[in-house]
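Notes for the structure review
Residues per chain are reported as follows:
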Amino acid sequence: MTKPTFSIIAPIYNELDNIPELYPRLRDVMDQTGEPWELILVDDGSSDGSTEIIRKLADNDDRVRPVIFARNFGHQIAVTAGIDYSRGDAVVIIDADLQDPPEVILDLIEKWREGFEVVYAVREEREGETWFKRTTASLFYRLIFKITDVNIPLDTGDFRLMDKKVVAVMRQMREKHRFLRGMSAWVGFKQVGVKYKRKPRYAGETKYPLNKMIKLALNAITSFSYFPLQLATYIGFIAAGLSVLAIPIVAILRLTTGTVLLGQATTLIIVLFLGGVQLIALGIIGEYIGRIYDEAKGRPLYIVAEAPEKPSDIEE
Ligand code: UDP
Ligand code: MG
């Protein structure tokens, strides 16, 4: 088989009704490029029969390469596996639920041909998502942008094209808690955004409930910022400063008016407040320590049950 120019990566977690629509749409778009391509379908521990459909597609079209996980490892890890297995000169990451229209890939490729090494798709509009999802997502992107040291583009998901130079660097970044859109911004090179309209899901439900979104947000923040750790220092200085100011004020008020800031309630509130702040600070440190622990264990990022040969197994 000829080496593909383009690798398309689609992570799949129980997308039974989406795959039969995704495959022909992608095929039609990719055939328009006139270049050889491959489609890497990463099955992230699906239990709804998606795995069988993926196998069947691969049997009928040898451009489809299935990477089947031993269990669910999560979206970011599934995409990472896709990156590891890709062989193309340009690699495109796309959701399997058709929220990212495959036709936009042609726009991404056009920019790549102009010489850009990362072309990310910016969500100009989001259709068919709840008010809650849109608002939290928007807040999230802005918070990340503010507190991280890397300029992670706003309103941008994982839908993007990366040149093989970027892919080579990404493959070396083996951190366990991954925020791929941050990592691909961190790499550098020439980057550009292309606007698109994010569509509603073709079928099925979101696989990103609130708890997974919070997890992703925590990974994004801890991977790219120390700000939460420094927060304890800031609050400490503010609290200490306040108490230094408060001592003479309370003393004077007490001498002149008599009955200010008396009683247990004041003490109780302050003790609870400071105790709370300290526990939160400990929790934040815990988040970072947990991540250090996961790194130290050095476990593999994912376990495949079935997969083709990795390019790194063949070339190096
Ligand atoms: N996904 C995955 N593993 C997971 C959760 C999601 O591979 O544990 C895939 C999912 O099948 C889809 C993509 O990641 O192709 C994006 O997920 P989803 O559409 O549920 O997220 P949303 O668009 O709602 O943020
Ligand atoms: Mg989706």
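Our subject is the structure listed above.
The notes below deal with the structure included here. Fair warning: this is a prediction, and the values are worked out from it, not measured in the lab.

1. Some thoughts on the pattern of salt bridges
According to the stated counting rule, one finds 23 salt bridges in the structure shown. The salt bridge partner of Glu 15 is Lys 207, with a shortest N-O separation of 3.6 Å. Taken together, the residues span a long stretch of sequence, with Glu 15 in the loop between strand 1 (6-12) and helix 1 (19-31) and Lys 207 in the loop between strand 7 (191-198) and helix 8 (210-224) at a distance of 192 residues. Look at Glu 15 and you get buried, because its relative accessible area is 6%. Of the charged contacts, one joins Glu 52 and Arg 55 as a salt bridge, the two residues approaching to 3.5 Å between their closest N and O atoms. In this pair, Glu 52 and Arg 55 are both assigned in helix 2 (residues 50-60), three residues apart and thus about one turn of the helix distant. It is possible to trace a salt-bridge network through shared partners that takes in Glu 15, Asp 97, Arg 201 and Lys 207.

2. A few points about the packing of aromatic side chains
The geometry of two aromatic rings is summed up by the distance between their centres and the angle between their planes. In this structure the tally under the stated criterion is eight aromatic pairs. Ring geometry for Phe 69 against Phe 73: centres 5.3 Å apart, planes inclined by 85°, an arrangement best described as edge-to-face. Taking 6.0 Å as the distance between ring centres and 85° as the angle between the ring planes, the aromatic pair formed by Phe 140 and Phe 179 counts as edge-to-face. Residue Phe 140 is found in helix 5 (residues 131-147), and its partner Phe 179 is found in the loop between helix 6 (164-172) and helix 7 (180-186); the two are separated by 39 residues along the sequence. An aromatic cluster is defined as three or more aromatic residues linked by ring pairs; in this entry it consists of Phe 140, Tyr 141, Phe 179 and Phe 224.

3. Considerations on unusual backbone geometry
Phi is positive for Asp 155, which is not a glycine, with a value near 50°. Among the structural elements, Asp 155 can be located in the loop between helix 5 and strand 6 (156-163).

Calculation criteria
Residues numbered from 1 in each chain as written. Chains lettered and ligands numbered in written order. Predicted model: local features only at pLDDT ≥ 70, side-chain atom pairs only at ≥ 80, totals over all residues. Heavy atoms only, no water. Salt bridge = Lys/Arg side-chain N within 4 Å of Asp/Glu carboxyl O. Helix = DSSP H or I, 4+ residues; strand = E, 2+ residues; numbered from the N terminus. Buried < 20%, exposed > 50% of the residue type's maximum accessible area, 1.4 Å probe, protein only. Phe/Tyr/Trp six-rings, centres within 6.5 Å; stacked < 30°, edge-to-face > 60°.

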